[in-house]
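# A closer look at the structure
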Amino acid sequence: MASTLRAEIPVTELLKHDPKNWGRWGADDEVGSLNFLTPAEVLRGVQAVKQGKTFTLQVMMGHPAGDPVWPGRAQPVRVNVMDKGHYLCGKGPVFPGHAEYADDMLIMYLQGSTQYDALGHVWCDDMLYNGYDARTTAGKMTKASVLPIAERGIAGRGILIDIARHRDKPVLDRGETFTHEDLLAAAAKQGVTIEKHDILLIRTGWIGSFYTRDKTEFYRDFIEPGLTYSPELVKWFHEMEIPNLVTDTIANEVTADPVSGVVLPLHNALMRNLGVTFTEIAALDALADDCATDNQWTFLYTAAPLKVAGGTGAPVNPVVIK
């Protein structure tokens, strides 16, 4: 469980000896570790397709039970702006041929659903990924926004590690942590190997539980389960050249580091420093159940977040093909 202590150490001090990929792909790079997903890696992902089964990983927008969002963010709001009611009231536009239509709009945080973070979404010491000045976020992101990620797209071999199933739980507990060593142990139990450049999907059961538990209890003293910071974990991500981390939690890591008390240190250690793209709020339960049934834990993972100019993130509906 997370410590009740407050952080006394700046995140820059905590991470001062950790590796960075800044400049590795040039001074203008804005997609980071996605550069590891070369055409050969895409083909490796294609080779993982064995059955032709497809799974979509986005949570529903506008779910009757509400949508899982980070505390403080408003729920998405969908509004009809045209429907049959307008025609019944004589206010609908009349077209030659008398066709009618419905139209609507959605008001939401760009990170209010399954989504990709921009590499510049979180920073410290006034510098974003690749050393870009944090002032480039003013008004809109002009560096390391989600747009370059969206324009590039993501495809490669994905591997699902079901840490909840590994611990014989439907869902991890509040603040429950795990390390890369736990991931390796779970992979061994599943009979698979995490390989270099794999897109790493981790199921905790957390987002799935949102729809079945009391929302006040879900958000009370909010702390999610997840990966916890250590220099060894960061070194492992660096050496494995993981391009993309995908989890069924809102923030991809335990909310507060139980040792230092720092909030979300992996956003800086992995995203800002190494350029690992973060995909959050993924729906992984159906995929995990199927993988446990047929014992195929690897697949082609594809994703294309929305092309939002200057966005700090963007919604996405990843598609997995087994």
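Right above here is the structure, for reference.
Because the structure is predicted, anything quoted here is derived from the model rather than measured.

## Overview of the overall build of the protein
Of regular secondary structure, the protein possesses 11 helices and 13 strands. In terms of overall dimensions, the protein is globule-like: its C-alpha atoms have a radius of gyration of 21 Å, near the 20 Å expected for 322 residues. Its C-alpha atoms give the protein principal-axis dimensions of roughly 70 × 50 × 45 Å. The buried share among the 322 residues of the protein stands at 52%. Taking contacts inside the protein between residues at least 6 apart in sequence as the whole, the part at least 24 apart equals 80%. Counting only carbon and sulfur atoms, one obtains 56% of the accessible surface of the protein, whose full area is about 14200 Å². Computed over 30 positive and 40 negative side-chain charges, the separation of the two mean positions in the protein equals 2 Å.

## What about the pairing of strand β7 (residues 199–203)?
Within β7, five of the five residues are buried, which leaves the element mostly enclosed by the surrounding structure. Alternating residues of β7 divide into Ile 199, Leu 201 and Arg 203 and Leu 200 and Ile 202, and every residue in both groups is buried. Sheet analysis places strand β5 (residues 154–162) next to β7, joined by five bridges and oriented parallel. The residue of β7 that forms the bridge with Ile 161 is Ile 202. Summarising the sheet, β7 and strand β9 (residues 244–247) pair through three bridges and their orientation is parallel. From the neighbouring strand, Ile 202 faces β9, where its bridge partner is Thr 247.

## Notes on the pattern of salt bridges
Per the stated rule, a full pass over the model turns up 25 salt bridges. Here Arg 24 and Glu 241 are joined by a salt bridge, their closest N and O atoms 2.8 Å apart. You can see Arg 24 sitting in the loop between α1 (11–14) and α2 (39–47) and its partner Glu 241 sitting in the loop between α9 (231–240) and β9, a full 217 residues away along the chain. Residue classification places Arg 24 among the partly exposed positions, given a relative accessible area of 39%. On the basis of relative accessibility, which here comes to 12%, the residue Glu 241 falls in the buried class. What emerges from the salt-bridge pattern is a single network uniting Glu 41, Arg 44, Arg 157, Glu 195 and Asp 198.

## Focus on the packing of aromatic side chains
Scanning all chains against the criterion turns up 11 aromatic pairs. Look at Phe 218 and Phe 222: their rings are 6.1 Å apart centre to centre, the planes differ by 55°, and that puts the pair in the tilted class. Accessibility assignment for this pair places Phe 218 and Phe 222 in one class, buried. In textbook terms, an aromatic cluster arises when at least three aromatic residues are bridged by ring pairs, as seen for Trp 70, Trp 206, Phe 210, Tyr 211, Phe 218, Tyr 219 and Phe 222. Sitting above the plane of the Trp 206 ring, Arg 213 keeps its charged end 4.7 Å from the centroid. Here the guanidinium or amino end of Lys 215 rests over the ring plane of Phe 210, the centre of that ring lying 4.8 Å away.

## Remarks on unusual backbone geometry
Although it is not a glycine, Asp 125 adopts a positive phi angle of roughly 55°. Despite not being glycine, Asn 252 has its phi angle at roughly 65°, a positive value. As for its position among the elements, Asn 252 is in the loop between β9 and α10 (265–274).

## Some thoughts on α2
One turn of an α-helix holds 3.6 residues; hence residues three or four places apart share an orientation. Listing the buried residues of α2 in full gives Glu 41, Arg 44 and Gly 45. Down the axis of α2, the buried set is contained in an arc of 100°. They therefore lie on one face. In this structure, α2 carries Pro 39, Ala 40, Leu 43 and Gln 47 as exposed residues pointing more than 90 degrees from its buried face. The elements touched by buried residues of α2 are β5 and β11 (298–303).

## A few points about the side chain of Glu 30
Of note, Glu 30 is situated in the loop between α1 and α2. Within the structure, Glu 30 has its side chain in polar contact with the backbone nitrogen of Ala 144 (distance 2.6 Å). Sequence-distant contacts of Glu 30, defined by excluding residues within four places in its chain, comprise Leu 119, Tyr 129, Tyr 132, Thr 142, Lys 143, Ala 144, Ser 145, Pro 148 and Ile 149.

## Focus: the nonpolar core
In terms of nonpolar packing, the biggest core is built from 67 residues, with Leu 200, Leu 201, Phe 237 and Tyr 301 touching the most fellow members. Among residues more than four places away in sequence, those in contact with Leu 200 are Ile 159, Ile 161, Leu 183, Ile 194, Trp 236, Phe 237, Ile 242, Asn 244, Leu 245 and Val 246. Val 59, Val 171, Ile 207 and Phe 222 belong to the second largest nonpolar core, which has nine residues in total.

Thresholds applied
- Residues numbered from 1 in each chain as written.
- Predicted model: local features only at pLDDT ≥ 70, side-chain atom pairs only at ≥ 80, totals over all residues.
- Heavy atoms only, no water.
- Helix = DSSP H or I, 4+ residues; strand = E, 2+ residues; numbered from the N terminus.
- Rg over C-alpha atoms; globule rule 2.2 N^0.38 Å.
- Buried < 20%, exposed > 50% of the residue type's maximum accessible area, 1.4 Å probe, protein only.
- Contact = heavy atoms within 4.5 Å.
- Areas by Shrake-Rupley, 256 points an atom, 1.4 Å probe, with all protein chains shown as cover.
- Lys, Arg positive; Asp, Glu negative; His and termini not counted.
- Charge placed at Lys NZ, Arg CZ, Asp CG, Glu CD.
- Pairing = 2+ DSSP bridges.
- Salt bridge = Lys/Arg side-chain N within 4 Å of Asp/Glu carboxyl O.
- Phe/Tyr/Trp six-rings, centres within 6.5 Å; stacked < 30°, edge-to-face > 60°.
- Lys NZ or Arg CZ within 6 Å of the ring centre and 35° of its normal.
- Arc of directions from axis to C-beta.
- Polar contact = N/O pair within 3.5 Å; in protein donor to acceptor, adjacent residues only side chain to side chain.
- Core = buried A, V, L, I, M, F, W, Y, C linked by side-chain atoms within 4.5 Å.

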